Amino acid sequence: LRLDLDPEERAEVTGLIDRIEAETRRPDDGLAAAMASAALLRPFLTAERAHRARAVVSDVAAADLDRFLAFRANVDAHVRERWSVEQHAAALGVTARTLGTLSRRLAERTPKQILDARLALEVKRLLAHTDEPVSAIAFAVGFEEPTNLAKFFRRVEGTTPGTFRARAQGVGA
């Protein structure tokens, strides 16, 4: 992503980058530093999303953009219910194929990839910020068996829930 910035914006971005670097170099490079870095990156992510949205708006009808944004809102609202792509499409009044086309055009990912990423984010949040057993988290996010969560998490995140929790909470680090 290339952003043309005026001198004031450039100074602000440079300051944010300096803050990110300072946070990541702190001695307690555990979860607190990671969360601070993520918070500092938020303006960049917002700018990138806005840039992408502006770039595709000319190719996408406003109704399609609204429908895709509604899909993203539904994903957040129903993450623990683990709605399928077909359920999301039906709720929006479109076919799964239409939702897939919109998703690939606007997010460069399939609806299933978006669903998996959001579910993984929810699981990571619960692992990092609660002491609930992994089995309880599995049931809370709609898995019928804890082993299915472990398989899903390893496939999407490349590690086990227990290993992720230990790293996130600074245990054994």
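Structural data are supplied above this passage.
Parameters and conventions
- Residues numbered from 1 in each chain as written.
- Predicted model: local features only at pLDDT ≥ 70, side-chain atom pairs only at ≥ 80, totals over all residues.
- Heavy atoms only, no water.
- 1 Å grid on protein atoms, 1.4 Å probe; cavity = no way out; pocket = protein on both sides within 12 Å on 5 of 7 lines; lining within 4 Å.
- Points joined across faces, edges and corners; volume = space filled by probe spheres on them.
- Helix = DSSP H or I, 4+ residues; strand = E, 2+ residues; numbered from the N terminus.
- Nonpolar A, V, L, I, M, F, W, Y, C, P; charged D, E, K, R; others polar.
- Core = buried A, V, L, I, M, F, W, Y, C linked by side-chain atoms within 4.5 Å.
- Buried < 20%, exposed > 50% of the residue type's maximum accessible area, 1.4 Å probe, protein only.
- Contact = heavy atoms within 4.5 Å.
- Lys, Arg positive; Asp, Glu negative; His and termini not counted.
- Salt bridge = Lys/Arg side-chain N within 4 Å of Asp/Glu carboxyl O.
- Phe/Tyr/Trp six-rings, centres within 6.5 Å; stacked < 30°, edge-to-face > 60°.

Q: Before we move on, could you go through the layout of surface pockets and cite the residues and values that matter?
A: The volume enclosed by the second largest pocket comes to roughly 190 Å³. Arg-82, Trp-83, Leu-115, Asp-116 and Leu-119 are, among the 14 residues lining the second largest pocket, the residues nearest its centre. Elements that contribute at least two residues to the lining of the second largest pocket include exactly helix 4 (85–92) and helix 6 (111–129). It is helix 6 that contributes the most residues to the lining of the second largest pocket, 5 residues altogether. Taken together, the residues of the lining of the second largest pocket sort by class into 7 nonpolar, 3 polar and 4 charged.

Q: Could you give an account of the nonpolar core, naming the residues involved and the relevant values?
A: By size, the foremost hydrophobic cluster in this structure holds 13 residues, and its most contacted members are Leu-119, Val-123, Ile-137, Val-141, Phe-143, Leu-149 and Phe-152. Contributing elements (two or more residues each) for this core: helix 6, helix 7 (134–140) and helix 8 (146–157). Of all the elements, helix 6 adds the most residues to this core, at 5 residues. If near-sequence neighbours (up to four positions away) are discounted, Val-141 is found in contact with Val-79, Arg-80, Arg-82, Leu-119, Glu-122, Val-123 and Leu-126. Counting 12 residues, the second largest nonpolar core, distinct from the first, contains Val-85, Val-94, Leu-106 and Leu-115.

Q: Describe the side chain of Arg-165, and please don't skip the residues or the numbers.
A: With respect to the element layout, Arg-165 can be found in helix 9 (residues 161–168). The buried charged residue Arg-165 lacks any salt bridge, with Asp-131 as its nearest oppositely charged partner at 5.5 Å. Here Arg-165 is in contact with Leu-126, Leu-127, Thr-130, Asp-131, Glu-132, Pro-133, Val-134 and Ile-137, once residues within four sequence places are set aside.

Q: Tell me about the packing of aromatic side chains, residues and numbers included.
A: Under the criterion given, the structure shown has 3 aromatic pairs. An angle of 50 degrees between the planes, with centres 6.1 Å apart, marks the rings of Phe-68 and Phe-71 as tilted. A residue pair is termed a helical-turn pair when its members lie 3 or 4 positions apart in one helix, as Phe-68 and Phe-71 do in helix 3 (residues 62–77) at 3 residues. Taken together, a centroid distance of 5.6 Å and an interplanar angle of 45 degrees make the contact between Phe-143 and Phe-152 tilted.

Q: For the side chain of Asn-74, give the residues involved together with the corresponding values.
A: Structurally, the position occupied by Asn-74 is in helix 3. Of the residues examined, Asn-74 reaches a relative accessible area of 17% and is grouped as buried. With near-sequence residues (within four places) excluded, Asn-74 lies in contact with Trp-83, His-88, Ala-91 and Leu-92.

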